[in-house]
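# Descriptive structure summary
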Amino acid sequence: MTSTERGIAAAEAHSAHNYHPLPVVVATAEGAWMTDVEGRRYLDMLAGYSALNFGHGNRRLLDAARAQLERVTLTSRAFHHDRFADFCTQLAELCGMELVLPMNTGAEAVETAVKTARKWGYQVKGVPDGRAKIVVADHNFHGRTTTIVSFSTDPEARADFGPYTPGFEIVPYGDLAAMESALDDTTVAVLLEPIQGEAGVLVPPPGYLAGVRELTRSRNVLFIADEIQSGLGRTGRTFACEHEGVVPDMYVLGKALGGGVVPVSAVVSSREVLGVFAPGEHGSTFGGNPLACAVALEVLAMLRTGEFQQQAMELGEHLHSELGLLVGGGAVDAVRGRGLWAGVDINPSRGTGREISEQLMERGVLVKDTHGATIRLAPPLVISKEDLDWGLDQLRGVLGAEG
Ligand SMILES: *Cc1c(COP(=O)(O)O)cnc(C)c1O
């Protein structure tokens with residue numbers, strides 16, 4: 001047995017099988033590269049679903065974490081701590097908003113957004129008690145809690161997890177007319193991913209987000225943008241909403257906010273909206289802890305320079321022009337995405353997304369398939385052009401599409 005086989009067998013023996021990982025056992029990582037237990041190197045073209053936008057082992061983030069580890073790591077929100085105010089102030093500023101409510105995981109932040117919107121609906125909008133409705137899109141991915149899977153359209157995510165939380169209406173993503181007819185007097189919010197990541201990096205039709213912004217504004221409905229995966233530089237802008245000049249009422253953030261070091265998520269909104277909470281009505285033991293705030297503050301400092309957004313934009317243009325050349329050649333049916341983020345639909349003649357991912361792994365590139373025929377590319381934003389080109393060479397090799 002190799003050490004890889006031993007590692008996999010041991011993991012499978014004592015973990016729930018709620019994932020189907022590629023057969024690689026990572027031991028160390030730096031920048032865009034990971035090394036497995038047998039010393040083989042892999043280019044990470046997934047970046048922890050955008051949690052690793054700044055790469056593995058980023059010096060600035062590790063230094064910030066290390067320094068904070070020596071000071072204080074956890075206080076609970078029963079007390080103030082000296083990193084909290086800066087974190088909230090600077091995150092609100094980056095978002096152009098007023099208030100921040102920190103949590104840990106993305107799903108918790110989405111739950112927080114749902115609770116916020118409902119409470120705003122009852123207290124501010126005047127929706128009759130118990131009637132608040134939130135409109136979401138089909139093929140959405142907002143997390144794994146019982147409430148969130150209640151409004152998923154993915155049978156794998158939902159089946160056998162009922163009874164489901166009521167209060168959600170699902171409309172087709174990208175369809176403005178359907179959105180318009182779903183909005184009524186009880187609607188408190190529309191919750192959308194500006195680009196649907198798990199669905200296969202689906203970019204909505206031009207004008208959709210701006211249209212939703214107009215509809216929600218005119219109907220006094222909150223527009224909640226789940227930018228957990230699309231935000232913080234991935235698409236070439238700080239937020240994917242910016243590509244349509246849209247400012248939502250609430251951002252839901254996570255993943256890259258913790259720099260791939262610690263889980264950090266947050267809901268960011270106006271005083272009118274997040275001001276609905278009073279002490280005791282919502283919270284989290286770990287939310288906004290000193291270590292999380294210290295790492296996130298460094299993430300925010302890095303985002304303020306714009307260099308990562310710029311890198312994602314420039315390398316993203318390169319990525320999409322290279323991938324575009326593959327479309328129509330028999331191997332790739334379609335490519336979507338923005339910035340350093342792409343969904344590539346593999347023609348079934350070349351294998352399933354999983355098979356392509358396994359073949360890429362053999363060549364030293366790690367990606368993740370989604371929904372059968374699609375592979376998702378989302379390398380760390382710190383990837384070099386040479387490494388990106390090398391990764392693309394491996395993809396062409398696997399697809400039998402060498403130029
Ligand atoms: C990953 C993700 C979530 C859930 O985040 P977790 O940290 O896994 O709970 C929610 N929304 C979107 C768009 C995501 O990509």
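Here is what the cut-offs are and how they apply
Residues numbered from 1 in each chain as written. Predicted model: local features only at pLDDT ≥ 70, side-chain atom pairs only at ≥ 80, totals over all residues. Heavy atoms only, no water. UniProt positions renumbered as here; feature names shortened; annotations may be inferred. Pairing = 2+ DSSP bridges. Helix = DSSP H or I, 4+ residues; strand = E, 2+ residues; numbered from the N terminus. Axes fitted to C-alpha atoms, helices over the stretch in contact; angles between N-to-C directions. Contact = heavy atoms within 4.5 Å. Near = heavy atom within 4 Å. Polar contact = N/O pair within 3.5 Å; in protein donor to acceptor, adjacent residues only side chain to side chain. Areas by Shrake-Rupley, 256 points an atom, 1.4 Å probe, with all protein chains shown as cover. Domains from an automatic or database assignment. Buried area = accessible area lost by both parts, 1.4 Å probe. Salt bridge = Lys/Arg side-chain N within 4 Å of Asp/Glu carboxyl O. Nonpolar A, V, L, I, M, F, W, Y, C, P; charged D, E, K, R; others polar.

In the nomenclature of an unreviewed UniProt entry, the protein is known as ornithine aminotransferase of Streptomyces caniferus. According to the UniProt record, the Sequence similarities (unreviewed entry) comment for the protein reads "Belongs to the class-III pyridoxal-phosphate-dependent aminotransferase family." Recorded in UniProt under Cofactor (unreviewed entry), the annotation for the protein is "pyridoxal 5'-phosphate".

### Thoughts on the sheet that holds strand S8 (residues 222-226)
In spatial order, the strands read S4-S10-S9-S8-S7-S5-S6; together these seven strands make up an open sheet with mixed pairing. The open sheet is flanked by strand S4 (99-103) and strand S6 (168-171), the only strands paired with a single partner. If you compare each strand with its neighbour and ignore which way they point, the axes differ by 20° on average. Strand direction decides the pairing type here: strand S5 (residues 133-137) and S6, joined by four bridges, are parallel. When the sheet's bridge partners are listed, Val136 is paired in S6 with Ile170.

### Points about the sheet that holds strand S12 (residues 342-346)
In a beta sheet, neighbouring strands pair by backbone hydrogen bonds and run either parallel or antiparallel. Spatially, S11-S12-S15-S14 is the arrangement adopted by the four strands of the open sheet, whose pairing is antiparallel. Since the sheet does not close on itself, it has two edges, and those belong to strand S11 (332-337) and strand S14 (368-370), each with one partner. For this sheet, the mean inter-axis angle between neighbouring strands, taken without regard to orientation, is 30°. Bridge count for S14 against strand S15 (residues 374-377) is three bridges, and the pairing is antiparallel. Following the sheet pairing, Lys368 is matched in S15 by Arg376. Taken strand by strand, helix H13 (residues 353-362) contacts S12, S14 and S15, and its axis lies near 45° from that of S15.

### A few points about the site of the ligand
Neighbouring the ligand are the residues Thr105, Gly106, Ala107, Phe141, His142, Gly143, Glu193, Asp226, Ile228, Gln229 and Lys255. Here an oxygen atom of the ligand sits 2.7 Å away from a polar atom, N or O, in the side chain of Gln229. Lys255 is positioned with one of its side-chain polar atoms (N or O) 2.6 Å from an oxygen atom of the ligand. Starting from 380 Å² of accessible surface for the ligand in isolation, the protein chains cover 81%.

### Observations regarding the side chain of Arg336
Tracing the backbone shows Arg336 in strand S11. When near neighbours in sequence (up to four residues on either side) are disregarded, Arg336 contacts Gly200, Val201, Leu202, His320, Trp341, Ala342, Gly343, Asp345 and Thr374.

### Here's the deal with the domain arrangement of the protein
Domains assigned within the protein are domain 1 (3-57 + 307-399) and domain 2 (71-304). Distance from the C-alpha centre of domain 1 to the C-alpha centre of domain 2: 27 Å. Domain 1 puts 28 residues into the contact, and the matching count from domain 2 is 27 residues. For the pair domain 1 and domain 2, the summed buried surface comes to about 2400 Å²; carbon and sulfur atoms form 59% of the total. Where domain 1 meets domain 2, there are one salt bridge. Here Glu198 ties to Arg376 by a salt bridge, and the two come within 2.8 Å at their closest N and O atoms. When contributions to the side of domain 1 that touches domain 2 are tallied by element, the ones reaching two or more residues are helix H2 (47-50), helix H12 (307-324), S11, S12 and S15. Tallied by class, the residues present in the side of domain 1 that touches domain 2 amount to 15 nonpolar, ten polar and three charged.

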